[in-house]
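An overview of the molecular structure
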Amino acid sequence: MAENKDQKGASAQIDYMELFKSAFRIIWKNRFLWVLGILSGSSLYFPYNSTSFMDRMNNGASWNKHVSSQKIAEDALKWVQTNYLIVGIIAAAIIIILLAAVLVSTISKAGLIHAVSEISRGKGTSLRSSLVFGWHKFWRVLGIGVVISLVVLLLVVVLSVIGYGLWPVKPLFVLYVLISLMMFIAVTLLAGIVFEYSLRYAIIQDKQIKESFKNSFKLISEKKKDTFLIWLAVLVMSMVFGLGLVACLLFAAIVLVLLGAIFYLLAPIIAIVYAVFTVIAFVVLIFASVGFISALASGYWTLAFNELNK
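Predicted model, so just to flag it, every value in this text is computed and none were measured.

**Let's talk about the environment of Thr125**
Looking at the element boundaries, Thr125 is found in the loop between helix H7 (84-120) and helix H8 (127-136). Spatially, the C-alpha atoms of Thr125 and Ala115 are 6.3 Å apart, while their sequence positions differ by ten residues. Ignoring anything within four residues of it in the chain, the contact list for Thr125 reads Phe32, Ala115, Ile119 and Ser130. Side-chain polar atoms of Thr125 contact the side chain of Ser129, separated by 3.0 Å. Separated by 3.4 Å, the side chains of Thr125 and Ser130 make a polar contact.

Written as structure tokens, this is what we have:
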């Protein structure tokens, strides 16, 4: 009985602020972790003219008068048939870039977790060794991510099908949407926590995918309070650092623009050179800051995971 009481009271011994300080020290002193933080969050997006899109939506009547959706589809199909080679090259390039992004992100995610865990135990590591380690864990980490994604996707499909069936009954449909939204948020939050724990079981403790998921659910079940507090700490930490970064970037942008205006009044050529170097420095600063925040959040999860599994 005394032993059980000690186990139950173990959660009270976790110092969450000390975990943050440890994670901060590790990430701050080992700058290569920032690079892993950037790479582990690799994502691609395709910008579009949102203003133009909204204008067309707001002026749908006049848009439809000039061009019908059928005409657009016919013109698009005709262009694709005429330029199939260009379309094929573009599609292949997009697929290659997406696969490369997934590869780099997966390897870096595993390398970052491994590096923080090793450093916290007083062992040495480097960017190269972390990436090599991540490469060896690629399929396991990818498998965990795919399973989590499929579960969330399946939930979306099921909820959408049921919602479609309830659409004719408007009051019931509205109630269903609210319940579904809460369910979706709860499941995605749980899936995110399972993902974080499963990654660390697979990477730090070298568990297989099935065993990683099993241990993750067991850990969540046994450490509900700690898991919630860890998740909350990471959320608050990310929000505080994220908002601080946005505020700093806005302030810096205003100052830099004012300086640029002064330089332009003095000599336009100086302003051009200044603008080029400023943009480069600004981009580097953004990437470094995002990498730091990403590495810090991952590092906190890793240290907390190790603490829970002592």
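**Focus: H7**
The end-to-end C-alpha separation of H7 is 54 Å, in line with the 54 Å expected for 37 residues at 1.5 Å each. Once H7 finishes, Gly122 follows within two positions and takes phi at roughly 80°, a positive value.

**Some remarks on the packing of H7 against helix H10 (residues 170-203)**
Here H7 crosses H10 at 70°, and the two axes come no closer than 10 Å. Looking at the two axes, H7 sits roughly perpendicular to H10. The residues of H10 that touch H7, namely those facing Lys109, Ala110, Ile113 and His114, are Phe195, Leu199, Arg200 and Ile203. Looking at the contact of H7 with H10 residue by residue, the classes come out as five nonpolar, one polar and two charged.

**Brief notes about the side chain of Asn306**
The topology assignment puts Asn306 in helix H13 (residues 268-308). Separated by 3.4 Å, the side chains of Asn306 and Ser117 make a polar contact. Ignoring any residue separated from it by four or fewer positions in sequence, one finds Asn306 in contact with Ser117, Ser120, Arg121 and Ile204.

**Some points on the pattern of salt bridges**
Tallied over the full model, the rule gives six salt bridges. Notably, a salt bridge pairs Asp206 with Arg140, separated by 2.8 Å at the nearest N-O pair. A residue pair is termed long-range when its members are at least 10 positions apart, and Asp206 in the loop between H10 and helix H11 (209-222) and Arg140 in helix H9 (residues 138-166) qualify at 66 residues. Judged by relative accessible area, which is 46%, Asp206 ranks as partly exposed.

**Section: the nonpolar core**
In a soluble, globular protein the nonpolar side chains are often hidden away together inside. Of all hydrophobic cores here, the largest spans 50 residues; its most connected members are Ile27, Leu33, Tyr197 and Ile230. Elements that contribute at least two residues to this core include exactly helix H2 (16-29), helix H3 (32-40), H7, H9, H10, H11, helix H12 (224-266) and H13. Among the elements that take part in this core, H13 stands out by supplying eleven residues, more than any other. The residues touching Leu33, leaving out its near neighbours within four places in the chain, are Ile26, Ile27, Leu112, Ala115, Val116, Ile119 and Ala295.

**Topic: the confidence of the model for the protein chain**
Chain-level statistics for the protein chain give a pLDDT mean of 84 and a share of 85% at 70 or above. Mean pLDDT in the protein chain bottoms out at helix H4 (residues 50-58), which sits at 40, and peaks at H11, which reaches 95. Low confidence marks residues 1-12, where pLDDT is under 50. Its contacts with residues over four positions away, or in another chain, come to four contacts. For the stretch residues 42-67, pLDDT sits under 50, and the model shows eleven contacts to residues farther than four places along the chain or on other chains.

**Thoughts on H11**
Between its first and last C-alpha atoms H11 spans 20 Å; for 14 residues at 1.5 Å apiece the expected length is 20 Å, and the two agree. Residues Ser212, Phe213, Asn215, Ser216, Leu219 and Ile220 constitute the buried set of H11. One face of H11 carries all of its buried residues, which in axial projection span an arc of 165°. Within H11, the exposed residues directed more than 90 degrees away from the buried face are Lys210, Lys214, Lys218 and Glu222. Among the structural elements, H9, H10, H12 and H13 are those in contact with the buried residues of H11.

The rules behind these values
Residues numbered from 1 in each chain as written. Predicted model: local features only at pLDDT ≥ 70, side-chain atom pairs only at ≥ 80, totals over all residues. Heavy atoms only, no water. Helix = DSSP H or I, 4+ residues; strand = E, 2+ residues; numbered from the N terminus. Contact = heavy atoms within 4.5 Å. Polar contact = N/O pair within 3.5 Å; in protein donor to acceptor, adjacent residues only side chain to side chain. Expected span 1.5 Å × (residues − 1). Axes fitted to C-alpha atoms, helices over the stretch in contact; angles between N-to-C directions. Parallel < 35°, antiparallel > 145°, perpendicular 65-115°, else oblique. Nonpolar A, V, L, I, M, F, W, Y, C, P; charged D, E, K, R; others polar. Salt bridge = Lys/Arg side-chain N within 4 Å of Asp/Glu carboxyl O. Buried < 20%, exposed > 50% of the residue type's maximum accessible area, 1.4 Å probe, protein only. Core = buried A, V, L, I, M, F, W, Y, C linked by side-chain atoms within 4.5 Å. pLDDT = per-residue confidence, 0-100. Arc of directions from axis to C-beta.

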